[in-house]
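# What the coordinates show
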Amino acid sequence: MPRKLENFTIVIFGASGDLTARKLMPAIYQLGKLQTLPERYRIVGIGRTKYDHEQYRTLMHEAVTRYAPGLVEDDDHFKVFSQNIFYLPGEYCDLETYKKLQADIEAVENREGFCDNVIYYLAVPPSLAGPIIQNLYKAQISGGSIRCIGWRKIIVEKPYGSDLASAQKLNSIVAECFDEDQIYRIDHYLAKETVQNLLVFRFGNSMFEPLWNHRYVDHVQITSAENFGIRERGLYYEETGLLRDIIQNHGLQLIAYMAMEPPTRLEADAIRDQKIDIFKHIRRMSPEKIAEDVIIGQYDGYRQEKNVSHDSKVETFAAIRFFIDNERWKGVPFYVRAGKNLKEWITEIVVRLKPLPYKLYKHISEHAEVNKIIIQVHPEERISIRFSAKRPGEEVVLDPVLMDFNYKKSFEGEWLTAYHRLLLDALAGDQTLFLRKDGIEECWKIADNIRAGIKKCGLQPLIYPSGSWGPEKSDKLLEKDGFKWRLR
Ligand code: BG6
């Protein structure tokens, strides 16, 4: 049963940026088409480029047509939708911008008495988040003042800060200006169906949960590979690098969902408590260990990308062996690898079970008893279980076979992306799929430990050819433990 949402205004900072064009505007348009949005809503884009409302509407029409092919079936329909879109040019660090915004919101409230609930969306680089939040507060439009009639909420995109110190600073700025229940920190991976399904798969099935520990699992592989480069994001990547862009957030969140203990209740804080417990138990590495267990790479051609330094040392690939020092996962390696310009565009988690102690069929097939659970997040959302079966015939010959659950084949209905889900949840006030401040800080402790170790041991990114699976050394990371990446 879809939730009934209250009328709202969404104010997007970074309105002419990549995220708004690729994800946000298509998601809002589709939610409108599906009639999931309330009767009245407004979208106010804020950006530094000077557009008027009409120019911005045209730009968004182009963006949705380009990035969500097939979504705009009827240009006139988009035109009607676009009457809800407005644009306000302004500098993010200038209080004047916020005064104009405040005047806009008040004018609408007074004039029409609707859309007085406001959600701010920060689709801007981490360095701008603090100043924007402070200015919202100074302009008295962050909530809790007589100027605000309805509710105020704020969505902050990842990366949240650029290390522990900056994340803590941002958290304290946010705490001065907003209450914790007003803030929604995004990691869009959490809203992907397969990722949400991880908890159901583990804690809703008596078949799997008993296996989910060091007694039965010999290792876990997480791969988040893309077969394209940094696109137009040279400035962002030079400032961020893959460790902070993907591992600190998406990579660690996937580990947490795979490894956490069952929550005491199905509530946002209970789930977040258990995830944070995993972050605290992820083993910190000495620089010597980092030299062995962390591989970083850079794709050939990265330095020729726009806005990238010709001698850049920024990584576009990382492969890391993590351990979780707790009762459940003692001694089980979690290998995480992510990269740009790799061979395939795929995100998957592989859980490999330990072989049986007595290998009855070993003389027939070396790998007969190695079972794998493969959870694919992208391109398909599916779970496959790989096991051995007897090939029909007189002889006993073992073949690996797959049992496959595919979301799209199993469930009908409209498919929404992570961004649809996150927008709906934030509007409805459900924080389950958003990050809590202590969780973000724990993740930064892990990322900072790795980055400091890399610096200390002088690890340099290894150049890898585009279209490969990254530096060859990343294969060795598993080979030394007797394993192999499933995809290589
Ligand atoms: C973003 C990263 O958070 O996630 C990008 O900044 C990355 O670099 C993207 O491409 C991947 O998300 P998805 O949903 O396309 O797998």
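### Side note on the overall build of the protein chain
The helix and strand inventory of the protein chain stands at 14 helices and 15 strands. Computed over its C-alpha atoms, the radius of gyration of the protein chain comes to 24 Å, within 12% of the 23 Å expected for a compact globule of 488 residues. Its C-alpha atoms give the protein chain principal-axis dimensions of about 80 × 50 × 45 Å. When burial is assessed residue by residue, the protein chain has 55% of its 488 residues classed as buried. Partitioning the contacts of the protein chain with sequence separation of at least 6, the portion at a separation of at least 24 is 76%.

### Describing unusual backbone geometry
In this chain, Lys 158 is followed by Pro 159 through a cis amide linkage whose omega measures -10°. Residue position: Pro 159 is located in the loop between β5 (152–156) and α6 (164–177). Cis peptide bonds are those with omega within 30 degrees of zero, and the linkage from His 378 to Pro 379 qualifies with 5°. Summarising the element assignment, Pro 379 is placed in the loop between β12 (372–378) and β13 (382–390). Positive phi values are uncommon outside glycine, yet Gln 140 reaches one of about 60°.

### Here we look at the site of the ligand
As a structural note, the neighbourhood of the ligand is formed by Lys 23, Lys 158, His 188, Tyr 189, Lys 192, Glu 226, Arg 233, Asp 245, His 250 and Lys 340. Measuring from an oxygen atom of the ligand, one finds a side-chain N or O atom of Lys 158 at 2.6 Å. Between an oxygen atom of the ligand and a side-chain N or O atom of Tyr 189, the distance comes to 3.4 Å. Considered on its own, the ligand offers 400 Å² of accessible surface; in the complex 85% of this is hidden by protein.

### Concerning helix α2 (residues 53–67)
In this model α2 runs 21 Å from its N-terminal to its C-terminal C-alpha over 15 residues, within 8% of the 21 Å that 1.5 Å per residue would give. Within α2, the full set of buried residues consists of Tyr 56, Arg 57, Met 60, Ala 63 and Val 64. When α2 is viewed along its axis, its buried side chains cluster within an angular range of 120° and face the same direction. Residues of α2 that are buried sit in contact with α1 (18–33), β2 (41–47), α3 (75–82) and β3 (85–89). For α2, the capping residue at the N-terminal end is Asp 52, with a side-chain oxygen 3.2 Å from the backbone nitrogen of Glu 54.

### Topic: the sheet that holds strand β1 (residues 8–13)
Judged by pairing direction, the sheet is parallel, and its 6 strands sit side by side in the order β3-β2-β1-β4-β5-β6 without closing on themselves. Edge positions in the sheet fall to β3 and β6 (183–185), since each has one partner strand and no second. Mean inter-strand twist for the sheet, computed between neighbouring axes without regard to direction, equals 20°. Here strand β4 (residues 118–122) runs beside β5; their pairing, made up of 5 bridges, is parallel. Paired with Ile 119 across the bridge in β5 is Lys 153.

Criteria and cut-off values
The numbers attached to residues start from 1 for each chain and follow its sequence in the written order. Per-residue local features of the predicted model are confined to residues with pLDDT of at least 70, and side-chain atom pairs are confined, for both listing and counting, to 80 or more; whole-chain, interface and lining totals are unaffected and use all residues. Side-chain numbers here rest on the full set of heavy atoms in the structure, without hydrogens or water. Helix numbers and strand numbers start at the N terminus; a helix is a DSSP run of H or I with at least 4 residues, a strand a run of E with at least 2. Each radius of gyration is computed over the set of C-alpha atoms, and the globule rule expresses the reference value as 2.2 Å times the number of residues to the power 0.38. Categorising residues by exposure relies on relative accessible area from a 1.4 Å probe, with only protein chains included: less than 20% of the type maximum marks a residue as buried, more than 50% marks it as exposed, and the intermediate range marks it as partly exposed. Here a residue-residue contact requires only that any non-hydrogen atoms of the pair lie within 4.5 Å. Put simply, a residue is near a molecule or strand once any heavy atom of it comes within 4 Å of that molecule or strand. Under the rule applied, a polar contact is a pair of N or O atoms within 3.5 Å (in protein, one hydrogen donor and one hydrogen acceptor; residues adjacent in sequence only if both atoms are side-chain atoms). Values of accessible area rely on a 1.4 Å probe in the Shrake-Rupley scheme; residue burial ignores everything except the protein chains shown. Expected span, for any helix, means 1.5 Å times one less than how many residues it has. Regarding the arc, it is the one traced by the directions from the helix axis to the C-beta atoms. Strand pairing is assigned whenever DSSP identifies at least 2 bridges connecting the two strands. Note on definitions: angles span 0 to 180 degrees between N-to-C directions of axes, and those axes are lines fitted to C-alpha atoms, for helices only across the stretch in contact.

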